[in-house]
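These are the residues of each chain, in order.
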Amino acid sequence: MIAEVKKLIMNSKKLVVLTGAGFSAESGIPTYRGTGGLWSKYDPSVYADINHFMRDSSYYWNFFRDERYPMIKKAKPNSAHIALVELYKRGKLFRLITQNIDGLHQLAGIPHVIELHGTTRSFRCMRCDNRFSMEEVHEKILDDFPPKCSCNGSLRPNTVMFGESLPQHALEESMLAAKKCDVFLVLGSSLVVYPAAYLPCIAKENNAHVVIVNIDPTPFDKQADAVLYKKASMFLEQLLL
Ligand code: APR
(Lines give C-alpha, C1' and ligand atoms only; values in the text may rest on other atoms or scores of the structure.)
Protein backbone atom coordinates (compact mmCIF):
# COMPACT_ATOMS: atom_id res chain seq x y z
CA MET A 1 0.00 0.00 0.00
CA ILE A 2 2.69 2.47 0.96
CA ALA A 3 4.53 1.91 -2.35
CA GLU A 4 1.37 2.62 -4.40
CA VAL A 5 0.54 5.66 -2.25
CA LYS A 6 4.12 6.89 -2.54
CA LYS A 7 3.94 6.65 -6.36
CA LEU A 8 0.56 8.44 -6.40
CA ILE A 9 1.85 11.31 -4.28
CA MET A 10 5.29 11.69 -5.85
CA ASN A 11 3.75 11.68 -9.35
CA SER A 12 1.03 14.17 -8.37
CA LYS A 13 0.95 17.55 -10.06
CA LYS A 14 -1.24 19.33 -7.50
CA LEU A 15 -0.96 17.73 -4.06
CA VAL A 16 -3.16 19.32 -1.39
CA VAL A 17 -2.59 18.36 2.25
CA LEU A 18 -5.13 18.79 5.07
CA THR A 19 -3.73 18.44 8.58
CA GLY A 20 -5.55 18.03 11.88
CA ALA A 21 -4.66 17.82 15.57
CA GLY A 22 -3.06 14.38 15.09
CA PHE A 23 -0.29 16.10 13.12
CA SER A 24 0.72 18.16 16.17
CA ALA A 25 0.20 15.33 18.68
CA GLU A 26 3.89 14.43 18.45
CA SER A 27 4.71 18.03 19.43
CA GLY A 28 2.98 17.43 22.76
CA ILE A 29 -0.26 19.19 21.80
CA PRO A 30 -3.18 16.92 22.75
CA THR A 31 -5.76 16.03 20.11
CA TYR A 32 -9.40 16.95 20.71
CA ARG A 33 -10.98 13.50 20.33
CA GLY A 34 -9.86 9.91 20.86
CA THR A 35 -8.19 8.66 24.05
CA GLY A 36 -7.21 11.51 26.37
CA GLY A 37 -8.52 14.12 23.96
CA LEU A 38 -8.84 17.70 25.15
CA TRP A 39 -12.63 17.65 24.79
CA SER A 40 -12.87 14.74 27.22
CA LYS A 41 -11.49 17.08 29.91
CA TYR A 42 -12.78 20.46 28.73
CA ASP A 43 -16.35 20.77 27.46
CA PRO A 44 -16.03 22.54 24.07
CA SER A 45 -19.48 24.12 24.54
CA VAL A 46 -17.96 25.98 27.51
CA TYR A 47 -14.32 26.45 26.50
CA ALA A 48 -14.52 26.89 22.74
CA ASP A 49 -17.99 28.25 22.01
CA ILE A 50 -18.51 31.91 21.04
CA ASN A 51 -21.87 32.27 22.77
CA HIS A 52 -20.49 30.99 26.07
CA PHE A 53 -17.38 33.15 25.64
CA MET A 54 -19.52 36.29 25.19
CA ARG A 55 -21.53 35.41 28.30
CA ASP A 56 -18.59 34.44 30.50
CA SER A 57 -15.06 34.42 29.03
CA SER A 58 -13.40 33.43 32.33
CA TYR A 59 -13.51 29.71 31.46
CA TYR A 60 -11.62 30.38 28.22
CA TRP A 61 -9.06 32.70 29.85
CA ASN A 62 -8.35 30.26 32.71
CA PHE A 63 -7.83 27.51 30.12
CA PHE A 64 -5.62 29.81 28.02
CA ARG A 65 -3.47 30.87 31.04
CA ASP A 66 -3.15 27.40 32.61
CA GLU A 67 -3.18 25.03 29.61
CA ARG A 68 -3.21 26.49 26.12
CA TYR A 69 -0.45 29.11 26.46
CA PRO A 70 2.13 26.87 28.23
CA MET A 71 1.41 24.01 25.78
CA ILE A 72 1.74 26.14 22.62
CA LYS A 73 4.74 28.09 23.95
CA LYS A 74 6.61 24.85 24.65
CA ALA A 75 5.58 23.05 21.42
CA LYS A 76 8.11 22.69 18.62
CA PRO A 77 7.53 21.40 15.08
CA ASN A 78 7.88 17.58 15.14
CA SER A 79 9.39 15.27 12.51
CA ALA A 80 6.09 15.27 10.58
CA HIS A 81 6.24 19.07 10.25
CA ILE A 82 9.88 18.84 9.12
CA ALA A 83 9.07 16.12 6.58
CA LEU A 84 6.25 18.24 5.14
CA VAL A 85 8.68 21.13 4.68
CA GLU A 86 10.92 18.73 2.74
CA LEU A 87 7.97 17.81 0.51
CA TYR A 88 7.39 21.56 0.01
CA LYS A 89 11.08 22.12 -0.83
CA ARG A 90 10.85 19.36 -3.44
CA GLY A 91 8.06 21.40 -5.06
CA LYS A 92 5.47 18.72 -4.26
CA LEU A 93 3.09 20.78 -2.09
CA PHE A 94 0.45 22.71 -4.07
CA ARG A 95 -1.52 23.86 -0.98
CA LEU A 96 -1.39 23.17 2.77
CA ILE A 97 -4.68 23.49 4.65
CA THR A 98 -4.68 23.07 8.41
CA GLN A 99 -7.38 22.86 11.07
CA ASN A 100 -4.67 23.42 13.68
CA ILE A 101 -4.34 26.75 15.49
CA ASP A 102 -0.79 26.20 16.81
CA GLY A 103 1.17 27.87 13.99
CA LEU A 104 3.68 24.99 13.91
CA HIS A 105 3.58 24.60 10.11
CA GLN A 106 4.71 28.23 9.75
CA LEU A 107 7.35 27.78 12.49
CA ALA A 108 8.65 24.71 10.61
CA GLY A 109 9.05 26.80 7.43
CA ILE A 110 5.93 26.51 5.25
CA PRO A 111 5.40 30.08 3.94
CA HIS A 112 1.70 29.88 3.03
CA VAL A 113 -0.65 27.94 5.30
CA ILE A 114 -4.44 28.10 4.96
CA GLU A 115 -5.57 28.24 8.62
CA LEU A 116 -9.19 27.13 8.45
CA HIS A 117 -9.74 27.56 12.20
CA GLY A 118 -7.53 30.61 12.70
CA THR A 119 -4.63 30.84 15.11
CA THR A 120 -4.16 30.99 18.87
CA ARG A 121 -0.93 32.93 18.38
CA SER A 122 -2.74 36.24 17.94
CA PHE A 123 -5.63 38.06 19.63
CA ARG A 124 -7.76 41.13 18.90
CA CYS A 125 -9.79 43.76 20.77
CA MET A 126 -13.51 43.28 20.13
CA ARG A 127 -14.04 47.06 20.35
CA CYS A 128 -11.17 48.70 18.40
CA ASP A 129 -9.71 45.65 16.61
CA ASN A 130 -6.28 46.30 18.12
CA ARG A 131 -4.01 43.25 17.65
CA PHE A 132 -1.99 41.43 20.35
CA SER A 133 0.45 38.53 20.30
CA MET A 134 -0.13 35.46 22.46
CA GLU A 135 2.83 36.53 24.62
CA GLU A 136 1.43 40.07 25.15
CA VAL A 137 -1.93 38.66 26.22
CA HIS A 138 -0.26 36.20 28.59
CA GLU A 139 1.60 39.14 30.16
CA LYS A 140 -1.65 41.10 30.47
CA ILE A 141 -3.49 38.23 32.15
CA LEU A 142 -1.03 38.19 35.05
CA ASP A 143 -2.53 41.45 36.37
CA ASP A 144 -5.70 42.00 34.33
CA PHE A 145 -8.22 39.16 34.28
CA PRO A 146 -9.95 38.88 31.89
CA PRO A 147 -7.42 40.87 29.77
CA LYS A 148 -8.55 44.20 28.32
CA CYS A 149 -7.37 46.52 25.58
CA SER A 150 -6.15 50.07 26.42
CA CYS A 151 -9.52 51.24 25.01
CA ASN A 152 -11.07 49.03 27.71
CA GLY A 153 -12.48 46.68 25.07
CA SER A 154 -12.46 42.92 25.73
CA LEU A 155 -10.00 40.68 23.92
CA ARG A 156 -10.57 37.43 22.04
CA PRO A 157 -8.35 34.86 20.30
CA ASN A 158 -8.10 34.86 16.48
CA THR A 159 -9.35 31.27 16.50
CA VAL A 160 -12.68 30.16 15.08
CA MET A 161 -14.89 29.10 17.96
CA PHE A 162 -17.88 26.78 17.74
CA GLY A 163 -20.91 28.82 16.65
CA GLU A 164 -18.78 31.00 14.33
CA SER A 165 -18.27 30.79 10.59
CA LEU A 166 -14.82 30.15 9.15
CA PRO A 167 -12.74 32.99 7.66
CA GLN A 168 -14.31 33.45 4.19
CA HIS A 169 -11.00 33.74 2.37
CA ALA A 170 -9.54 30.60 3.99
CA LEU A 171 -12.70 28.64 3.21
CA GLU A 172 -12.82 29.76 -0.43
CA GLU A 173 -9.11 29.06 -0.95
CA SER A 174 -9.47 25.58 0.58
CA MET A 175 -12.54 24.69 -1.51
CA LEU A 176 -10.75 25.85 -4.68
CA ALA A 177 -7.65 23.82 -3.77
CA ALA A 178 -9.80 20.72 -3.13
CA LYS A 179 -11.47 21.22 -6.54
CA LYS A 180 -8.18 21.69 -8.43
CA CYS A 181 -5.98 19.08 -6.77
CA ASP A 182 -5.14 15.68 -8.25
CA VAL A 183 -4.24 14.13 -4.87
CA PHE A 184 -5.81 15.12 -1.54
CA LEU A 185 -3.84 13.87 1.48
CA VAL A 186 -5.39 13.98 4.98
CA LEU A 187 -2.87 13.73 7.82
CA GLY A 188 -4.05 13.36 11.44
CA SER A 189 -7.69 14.39 11.38
CA SER A 190 -10.85 12.61 12.58
CA LEU A 191 -12.77 14.36 9.73
CA VAL A 192 -15.82 14.97 11.95
CA VAL A 193 -15.88 18.79 11.98
CA TYR A 194 -17.45 20.61 9.02
CA PRO A 195 -16.86 22.35 6.69
CA ALA A 196 -13.21 21.07 6.85
CA ALA A 197 -14.49 17.50 6.62
CA TYR A 198 -16.20 18.37 3.29
CA LEU A 199 -12.87 19.02 1.60
CA PRO A 200 -11.96 15.37 0.85
CA CYS A 201 -15.50 14.91 -0.57
CA ILE A 202 -15.03 17.92 -2.85
CA ALA A 203 -11.66 16.55 -3.99
CA LYS A 204 -13.20 13.14 -4.70
CA GLU A 205 -16.11 14.71 -6.63
CA ASN A 206 -13.51 16.47 -8.78
CA ASN A 207 -11.75 13.19 -9.61
CA ALA A 208 -8.82 13.58 -7.25
CA HIS A 209 -7.33 10.59 -5.42
CA VAL A 210 -7.95 10.84 -1.65
CA VAL A 211 -5.45 9.35 0.79
CA ILE A 212 -6.12 9.35 4.54
CA VAL A 213 -3.34 8.81 7.08
CA ASN A 214 -4.84 8.70 10.58
CA ILE A 215 -4.30 6.47 13.60
CA ASP A 216 -8.07 5.90 14.02
CA PRO A 217 -10.76 5.27 11.38
CA THR A 218 -12.61 8.28 9.94
CA PRO A 219 -16.13 8.55 8.43
CA PHE A 220 -14.52 9.09 4.99
CA ASP A 221 -12.37 5.93 4.97
CA LYS A 222 -14.74 3.97 2.68
CA GLN A 223 -14.74 6.69 -0.02
CA ALA A 224 -10.97 7.21 0.14
CA ASP A 225 -8.65 5.62 -2.43
CA ALA A 226 -6.19 4.64 0.31
CA VAL A 227 -6.30 4.65 4.13
CA LEU A 228 -3.25 4.09 6.32
CA TYR A 229 -3.78 3.75 10.07
CA LYS A 230 -0.42 5.07 11.12
CA LYS A 231 1.39 8.08 12.54
CA ALA A 232 1.77 11.02 10.18
CA SER A 233 5.51 11.27 10.98
CA MET A 234 6.12 7.60 10.13
CA PHE A 235 4.16 7.87 6.89
CA LEU A 236 5.98 11.01 5.76
CA GLU A 237 9.39 9.58 6.62
CA GLN A 238 8.59 6.50 4.48
CA LEU A 239 7.27 8.75 1.71
CA LEU A 240 10.50 10.74 1.56
CA LEU A 241 12.86 7.73 1.63
N1 APR B 1 -0.55 10.66 13.39
C2 APR B 1 -1.74 10.53 12.71
N3 APR B 1 -2.95 10.61 13.30
C4 APR B 1 -2.97 10.83 14.63
C5 APR B 1 -1.80 10.96 15.41
C6 APR B 1 -0.55 10.87 14.73
N7 APR B 1 0.63 10.98 15.39
N8 APR B 1 -2.16 11.17 16.71
C9 APR B 1 -3.52 11.18 16.73
N10 APR B 1 -3.99 10.97 15.49
C11 APR B 1 -5.38 11.00 15.02
C12 APR B 1 -6.42 10.51 16.00
O13 APR B 1 -6.68 9.15 15.73
C14 APR B 1 -7.63 11.39 15.67
O15 APR B 1 -8.55 10.70 14.81
O16 APR B 1 -5.66 12.38 14.82
C17 APR B 1 -7.06 12.58 14.90
C18 APR B 1 -7.30 13.91 15.58
O19 APR B 1 -8.69 14.12 15.56
P20 APR B 1 -9.29 15.35 16.38
O21 APR B 1 -8.74 15.36 17.76
O22 APR B 1 -10.78 15.30 16.19
O23 APR B 1 -8.69 16.64 15.65
P24 APR B 1 -9.18 17.34 14.31
O25 APR B 1 -9.65 16.35 13.31
O26 APR B 1 -8.10 18.26 13.90
O27 APR B 1 -10.44 18.19 14.84
C28 APR B 1 -11.00 19.14 13.98
O29 APR B 1 -12.29 20.01 15.81
O30 APR B 1 -12.65 20.82 17.93
C31 APR B 1 -12.36 21.17 16.65
O32 APR B 1 -11.29 23.17 16.13
C33 APR B 1 -11.04 21.86 16.54
O34 APR B 1 -9.62 21.96 14.57
C35 APR B 1 -10.30 21.07 15.47
C36 APR B 1 -11.43 20.35 14.76
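Residues numbered from 1 in each chain as written. Predicted model: local features only at pLDDT ≥ 70, side-chain atom pairs only at ≥ 80, totals over all residues. Heavy atoms only, no water.

**Let's talk about helix α6 (residues 58-74)**
Step number 1: Compared with an ideal rise of 1.5 Å per residue, which puts 17 residues at 24 Å, α6 spans 23 Å between its outermost C-alpha atoms and is within 8% of the ideal.
Step number 2: Taken as a whole, α6 carries its principal kink of about 50° at F64.
Step number 3: Taken together, the buried positions of α6 are Y60, W61, F63, F64, R68, Y69, M71 and I72.
Step number 4: Those residues of α6 hidden inside the fold are in contact with α3 (38-41), α4 (44-47), α5 (50-55), β4 (118-125), α9 (134-143) and β6 (155-159). (Helix = DSSP H or I, 4+ residues; strand = E, 2+ residues; numbered from the N terminus. Expected span 1.5 Å × (residues − 1). Bend = angle between axes of the 7 residues up to and from the residue. Buried < 20%, exposed > 50% of the residue type's maximum accessible area, 1.4 Å probe, protein only. Contact = heavy atoms within 4.5 Å.)

**A closer look at the pattern of salt bridges**
Step number 1: In total, this model carries seven salt bridges according to the counting rule given.
Step number 2: Measuring nitrogen to oxygen at the nearest pair gives 3.5 Å for the salt bridge that ties E173 to R95. Of this pair, E173 sits in helix α10 (residues 168-180) while R95 sits in strand β2 (residues 95-98), placing them 78 residues apart in sequence.
Step number 3: Its relative accessible area of 17% is what places E173 among the buried residues. (Salt bridge = Lys/Arg side-chain N within 4 Å of Asp/Glu carboxyl O.)

**Let's talk about the sheet that holds strand β3 (residues 114-115)**
Hydrogen bonds between backbone atoms are what pair the strands of a sheet, whose relative direction is either parallel or antiparallel.
Step number 1: Pairing is parallel across the open sheet formed by six strands, whose spatial order is β3-β2-β1-β7-β8-β9. Only two strands of the sheet have a single partner each, and these edge strands are β3 and β9 (226-228).
Step number 2: Pairing analysis gives two bridges linking β2 to β3, with the strands arranged parallel. When the bridges of β3 are listed, I97 appears paired with I114. (Pairing = 2+ DSSP bridges.)

**Section: the site of the ligand**
Step number 1: Neighbouring residues of the ligand: 22 residues in total, closest Y32, R33, S189, S190 and D216.
Step number 2: Between S190 and the ligand, the recorded distance is 2.6 Å, taken from a side-chain N or O atom to an oxygen atom.
Step number 3: Measuring from a nitrogen atom of the ligand, one finds a backbone N or O atom of I215 at 3.4 Å.
Step number 4: Calculation on the ligand without its partners gives an accessible area of 740 Å², and the protein chains cover 93% of this total.
Step number 5: Broken down by class, the residue content of the shell around the ligand amounts to eight nonpolar, nine polar and five charged.
Step number 6: Two domains each provide a minimum of three residues to the shell around the ligand, namely domain 1 (1-29 + 76-117 + 165-241) and domain 2 (30-74 + 121-159). (Near = heavy atom within 4 Å. Polar contact = N/O pair within 3.5 Å; in protein donor to acceptor, adjacent residues only side chain to side chain. Areas by Shrake-Rupley, 256 points an atom, 1.4 Å probe, with all protein chains shown as cover. Nonpolar A, V, L, I, M, F, W, Y, C, P; charged D, E, K, R; others polar. Domains from an automatic or database assignment.)

**What to know about the domain arrangement of the chain**
Step number 1: We note that the domain assignment places domain 1 (1-29 + 76-117 + 165-241) and domain 2 (30-74 + 121-159) within the chain.
Step number 2: Once you take the C-alpha centre of each, domain 1 and domain 2 turn out to be 27 Å apart.
Step number 3: Each side of the interface is counted separately: domain 1 has 15 residues, and domain 2 has 12 residues.
Step number 4: Here domain 1 meets domain 2 over a buried area of about 1100 Å², counting both sides, of which 61% is carbon and sulfur.
Step number 5: Counting the surface domain 1 buries against domain 2, the share from its top three residues, A21, I29 and I101, is 47%.
Step number 6: Our enumeration of links across domain 1 and domain 2 arrives at zero salt bridges. (Buried area = accessible area lost by both parts, 1.4 Å probe.)

**Describing the sheet that holds β4**
Step number 1: On the basis of which strands lie adjacent, the open sheet formed by three strands has the order β5-β4-β6 and antiparallel pairing. Here the strands that pair on one side only, and so sit at the sheet edges, are β5 (131-133) and β6. Averaged over all neighbouring strand pairs, the angle between strand axes comes to 40°, with direction disregarded.
Step number 2: Bridge count between β4 and β5: three bridges; the pairing is antiparallel. For F123, the partnering residue across the bridge sits in β5 and is F132.
Step number 3: Sheet strands touched by α9: β4, β5 and β6. Its angle to β5, the strand with the most contacts, is close to 85°. (Axes fitted to C-alpha atoms, helices over the stretch in contact; angles between N-to-C directions.)

**Brief notes about the nonpolar core**
Nonpolar side chains in soluble globular proteins tend to end up buried together.
Step number 1: In this structure, L84, L185, L187, F235 and L236 are the most contacted members of the largest nonpolar core, which totals 26 residues.
Step number 2: Residue assignment for this core shows that the elements contributing at least two residues are α1 (2-10), β1 (15-19), α7 (79-89), β7 (183-187), β8 (209-213), β9 and α12 (232-240).
Step number 3: Every residue in contact with F235, bar those within four places of it in the chain, is listed here: I2, V5, I9, L185, L187, V213, L228 and K230. (Core = buried A, V, L, I, M, F, W, Y, C linked by side-chain atoms within 4.5 Å.)

**As for the packing of α1 against α12**
Step number 1: Closest axis-to-axis distance for the α1/α12 pair is 10 Å, and the angle between their directions is 70°. One element, α1, and the other, α12, form an angle in the roughly perpendicular class. Only F235, Q238 and L239 of α12 make contact with α1, whose side of the interface consists of I2, V5, K6, I9 and M10.
Step number 2: Residue classes in the contact of α1 with α12 are distributed as six nonpolar, one polar and one charged. (Parallel < 35°, antiparallel > 145°, perpendicular 65-115°, else oblique.)

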